[in-house]
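Chain by chain, the residues run as shown.
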Amino acid sequence: MRWALMFLLAGLAGCATTQTAPTRVTPGIYDVMSGRPLSDAEFEDKLAGAKYVIVGESHDSLEDHALQLRVYDLMTSSRRVALGMEMFQRPFQEPLDLYVRGEIDEAAMLERTEWKTRWGFETELYRPLWEAARKKSLPIIALNVQRELTKRVSAVGVSALTEEERSQLVDLDLSREDYRSWLEDIFSGHGMKMDREKFDRFYEAQVLWDETMADTAVNALRQRPGDLDAILIIAGRGHAEFRWGIPSRIERRDPGQAVLVIVRAVEPLSLDDAKTRQMADIVIIP
């Protein structure tokens, strides 16, 4: 039950922010900072200049998944790019490797990664991505922290973990008060209440989620020097927007490298708004 609540709250963090589309702005691809529309060629140049590209999703959005596939196809047209997926947890990397090499089929991969119990969204939403990776013989990276550790942190907090459990943690930066306030605003905006102690544990679990995915992405490239040029990260938009989640934590681990955040807008916003300009690097206006 506690994990179900964690999953719901993480989804709220992903859906309660940008879900946005500028008013009186024609459909297209927009550079958020300048508010300028990008041509297809300019968009490709932006992708080519980034080592880390993060496409935030609402997990059940067909449009978001179509955007992810488009970005993946563009990135892999000229570079070797890993596909990092929040949907798979780190202990289950081997089945993904076997699948890409053609040694097991999709059904076996999904069974061995425990897809139904650890993620659960329809496989049809993600199948085009992992089929493309297999066809191109490019790695799929299991980004996420194992559910058991996240559940444990949400139940007792980081300080109460055993020594063995703490040894499984990556480096955590829990100091971002802006991120904490943003999450609290999401709770209040949805009429949800949580006492301070419980919210602190939720915040720590959310940061663990972000930090683990960032750590895994950075290490995936470092462990394959000369073989991979970049990584495309697929994760809930709450882990990407405003750079509080995965982006800032990649930047801490791999300073000076370009991290490009892309989201698809679904509600009115103004590209002149200062908060919008902090939201992402590129917004797709449908």
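Remember, predicted model here, so these are calculated numbers, not experimental data.

Reading the values: the criteria
Residues numbered from 1 in each chain as written. Predicted model: local features only at pLDDT ≥ 70, side-chain atom pairs only at ≥ 80, totals over all residues. Heavy atoms only, no water. Helix = DSSP H or I, 4+ residues; strand = E, 2+ residues; numbered from the N terminus. Buried < 20%, exposed > 50% of the residue type's maximum accessible area, 1.4 Å probe, protein only. Phe/Tyr/Trp six-rings, centres within 6.5 Å; stacked < 30°, edge-to-face > 60°. Axes fitted to C-alpha atoms, helices over the stretch in contact; angles between N-to-C directions. Parallel < 35°, antiparallel > 145°, perpendicular 65-115°, else oblique. Contact = heavy atoms within 4.5 Å. Nonpolar A, V, L, I, M, F, W, Y, C, P; charged D, E, K, R; others polar. Core = buried A, V, L, I, M, F, W, Y, C linked by side-chain atoms within 4.5 Å. Polar contact = N/O pair within 3.5 Å; in protein donor to acceptor, adjacent residues only side chain to side chain. Pairing = 2+ DSSP bridges.

Visitor: How would you explain unusual backbone geometry if you had to name every residue and give the values?
Guide: Backbone geometry places Ser-137, a non-glycine residue, at a positive phi of 55 degrees. Tracing the sequence through the fold places Ser-137 in the loop between helix 7 (127-136) and strand 6 (140-144). Here Ser-137 falls in the partly exposed class, since its relative accessible area comes to 47%. With a phi close to 65 degrees, Phe-242 is a non-glycine residue in the positive phi region. Looking at where Phe-242 falls in the secondary structure, it is placed in the loop between strand 7 (230-236) and helix 12 (246-253).

Visitor: Now, about the packing of aromatic side chains: what can you tell me, with residues and values included?
Guide: Tallied over the full model, the rule gives 13 aromatic pairs. Both rings, one in Tyr-179 and one in Tyr-203, keep their centres 6.0 Å apart while their planes meet at 70 degrees; by these two values the pair is edge-to-face. In this pair, Tyr-179 sits in helix 10 (residues 177-189) while Tyr-203 sits in helix 11 (residues 196-222), placing the two residues 24 residues apart along the sequence. Residue classification places Tyr-179 among the buried positions, given a relative accessible area of 0%. Under the relative-accessibility criterion, Tyr-203 is labelled buried at 0%. Pairing Phe-199 with Phe-202 gives two aromatic rings, centres 6.0 Å apart and planes at 50 degrees, and the pair type is tilted. Of this pair, Phe-199 and Phe-202 both sit in helix 11, separated by three residues, roughly a single helical turn. In this pair, the class of Phe-199 matches that of Phe-202, namely buried. An aromatic cluster is present here, built from Phe-88, Trp-115, Trp-119, Phe-121, Tyr-126 and Trp-130 joined pairwise through their rings.

Visitor: Tell me about the packing of helix 2 (residues 40-48) against helix 3 (residues 62-75), residues and numbers included.
Guide: In contact at an axis separation of 10 Å, helix 2 and helix 3 are set at 75 degrees when each is read in the N-to-C sense. The angle between helix 2 and helix 3 falls in the class roughly perpendicular. Side by side, helix 2 and helix 3 meet where Asp-40, Phe-43, Glu-44 and Leu-47 of the first sit next to Arg-70, Val-71, Leu-74 and Met-75 of the second. Grouping the amino acids of the contact of helix 2 with helix 3 by side-chain chemistry returns five nonpolar, no polar and three charged.

Visitor: Can you break down the nonpolar core residue by residue, with the values?
Guide: Leu-183, Ile-231, Ile-233, Ile-246 and Ile-250 are the most contacted members of the largest nonpolar core, which has 51 residues in total. Not counting chain neighbours up to four residues away, the residues in contact with Ile-246 comprise Ile-54, Asp-210, Met-213, Ala-214, Ile-233, Ala-235 and His-239.

Visitor: Describe the side chain of Glu-241, and please don't skip the residues or the numbers.
Guide: Inspection of the secondary structure puts Glu-241 in the loop between strand 7 and helix 12. In this structure the side chain of Glu-241 is engaged in a polar contact, spanning 2.9 Å, whose partner is the side chain of Arg-237.

Visitor: I'd like to hear about helix 4 (residues 93-100), residue by residue, with values.
Guide: By the criterion of burial, helix 4 is predominantly enclosed, with six of the eight residues buried. Buried residues of helix 4: Gln-93, Pro-95, Leu-96, Leu-98, Tyr-99 and Val-100, and no others. Taken together, the buried residues of helix 4 touch strand 5 (81-89), helix 5 (106-112), helix 7 and strand 6. Downstream of helix 4 by a residue or two, Gly-102 has a phi angle that is positive, lying close to 80 degrees.

Visitor: Break down the pairing of strand 6 for me, citing the residues and quoting the values.
Guide: Counting buried residues in strand 6 gives five out of five residues, a clear majority hidden from the surface. In terms of strand pairing, strand 5 meets strand 6 through four bridges, oriented parallel. The residue bridging Leu-83 from the neighbouring strand is Ile-140, located in strand 6.

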